[in-house]
Amino acid sequence: MNEAIKEMRDRFPDFDISKQEVSKLQGESYTGMAVRPENSEIGVTLNLQDFYKALGFGMFLEDVMDSIERSVVSAVRHMPHYDARVLEDYDRMKDALTVDLVPVAGNKEKLAQIPHKNVEDMALVYRFEEESSVYGSASILVTNEMLAVYDITADQLHEDAMKAAVQNRPAKLHNMNDVMRDMMGDMSGLVPMNEPSPLWVATVEGGQNGAGVIQYPGFLDQAAEALGGDFYVLPSSVHEVLLVADDGSMEIGYLEEMVRSVNETEVSPAERLSDNVYHYDSEAHIFENARAFEAHEAAKEEILTDEPFDKVVEEALAKETIKVLLVEPEERPRVVEIGTELEDLQHAVGGDIEVVYPFEDRVGLIVNEEGKLIGLPLNRALRDENNEVYDIIAGSFLVAGLTEDNFGSLTEEQIGKFEGLFHQPETFVKMGRSIMAIPVPEEVIQMRDAVRAKEEMGEKPRHKMPERDSH
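In this numbering scheme, every chain counts its residues from 1 along its sequence in written order. A pLDDT threshold of at least 70 governs which residues receive local features in this predicted model, and a stricter bar of 80 or more applies before side-chain atom pairs are shown or counted, although totals over entire chains, interfaces and linings include all residues. As a rule here, side-chain values come from all non-hydrogen atoms in the structure, and water together with hydrogens is ignored.

Trainee: Would you mind going over the pairing of strand β16 (residues 353-356) with me for this structure?
Mentor: Regular strands place their side chains on alternate faces of the sheet. Here a strand pair is declared whenever DSSP counts at least two bridges between the two strands. Helix numbers and strand numbers start at the N terminus; a helix is a DSSP run of H or I with at least 4 residues, a strand a run of E with at least 2. Pairing geometry for β16 and strand β17 (residues 363-368), over four bridges, is antiparallel. The partner of E354 across the bridge, within β17, is V367. Counted along the chain from β16 to the antiparallel partner β17, the turn is six residues long.

Trainee: Sorry, what's going on with the environment of T403 here?
Mentor: Here T403 lies in the loop between β20 (397-402) and β21 (407-408). Should any heavy atoms of two residues lie within 4.5 Å, those residues are counted as being in contact. Apart from the residues lying within four places of it in its own chain, the contact partners of T403 are R362 and G408.

Trainee: Where do I start with the packing of aromatic side chains in this structure?
Mentor: Pairs of aromatic rings are described using the distance from one ring centre to the other and the angle between the two planes. Two rings belonging to Phe, Tyr or Trp (six-membered ring only in the last case) form a pair when the distance between their centres is within 6.5 Å. Interplanar angles under 30 degrees mark stacking, angles over 60 mark edge-to-face geometry, and anything in between is tilted. Summed over the entire model, instances satisfying the criterion amount to eight aromatic pairs. Seen from their ring centres, F359 and F422 are 6.4 Å apart, and the 70° between their planes marks the pair as edge-to-face. Highlighted residues: F359 in the loop between β16 and β17 and F422 in the loop between α15 (412-421) and β22 (426-431), separated in sequence by 63 residues. Between F397 and F422, the ring centres sit 5.3 Å apart and the planes meet at 80°, which makes this aromatic pair edge-to-face.

Trainee: Just to check I follow, could you spell out helix α14 (residues 342-349) for this structure?
Mentor: Because an α-helix completes one turn every 3.6 residues, residues spaced three or four positions apart along the sequence face the same direction. Throughout, exposure labels follow a simple rule: accessible area from a 1.4 Å probe, protein chains only, divided by the maximum for the residue type, with under 20% read as buried, over 50% as exposed, and the rest as partly exposed. Taken together, the buried positions of α14 are occupied by D344, L345, A348 and V349. Viewed along the axis of α14, the buried residues span an arc of 120°, placing them on a single side of the element. Buried residues along α14 sit in contact with β14 (321-327), β15 (334-339), β16, β17, β20 and β21. Of the residues one or two after α14, G350 is the one with positive phi, at around 80°. Think of the arc as the fan of directions from the helix axis to the C-beta atoms.

Pasting the structure below:
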């Protein structure tokens, strides 16, 4: 870094060039090279990490310095031009306000320095968006120091930002089929034309940093009209969210699994928003975590209790659960939240339980003790260090973590490992005196899932309570 700064100072004697710590809300913070041209009140900061990597791949130092020089020239040429007097005038700046939705996790230190509004496990932050071009958009994050200079409250900032954001980044709500047709162009004929997809995409015009649209005044109610009532909100990324109607056809556990899977495989860490699923009650106008909504609904259905409603809700939310893998015959493993009481575990495997410990990891397999005796379908094979089958589990089973004296939640690493181990459903064939475990072909699974999805989409009870994954 120091050598690069010294070299650029020699090549650009009229520029102020220094080391700059860059703290980012999304993505990793870094130490960069700040460049401010002569007579300019602002500058740009370059992240030199990729240039360092080029040296590691054998690129000559002189060539790397030439590349940094070209980057400096390009960055300064396309640098937005701000008038410091305008930046200090809130009445002139407030019309440029926009909002972004970011995760709280990983951003707590930065959020302490900026005005924000908590939205479940996310936070709404505020920016001045100055200009956009083919090189991207330039924006300034509003900080607590700026609020003090403007002599306004966080509430006033929020109110002004909500008014301006609706104009600066208009809301967009499209059915997923329409989005797919636009993306596929000439191949759009492959997208179903008759029925809309159950998924809707909510974002802003331009599609960048559009997840905050769910906080726009009246947007959730407008979406409820389009979807026909209550709906779930799936945080696809900081750029958009997905909406799906709460019509009884989707279980919360399935939606949570889908969000986690997409985040782990498709969304970069810098663009992840949350692993949780949310729910919007269109009658009560309440946006909340879907599990909290589920607890409220369960409490309402508890007609035999003499406890006050608030206490029932509190107890439902406080019920101890653990995160485990449920592995069912002919199905892929899925992550579920399950109670730790004996009856919860028995219900999950369909009878009395037995725990086996075939792995060195601190996990146990909770199986049906009489699975083979009562003829439950064969599920997955257990193999030794030579990959030879030595046993077969019959019926559904759980992969659970182990604590000092009980079962516990799996870690994310354990979930990944054992989901991979049991990922492919197996079928079993007797060959002589042996039984062979054969992976079910991928095309068979996809065809079965497609048929099942069509059947499920054909059943849309409006007021059916969503079922828990394992209760």
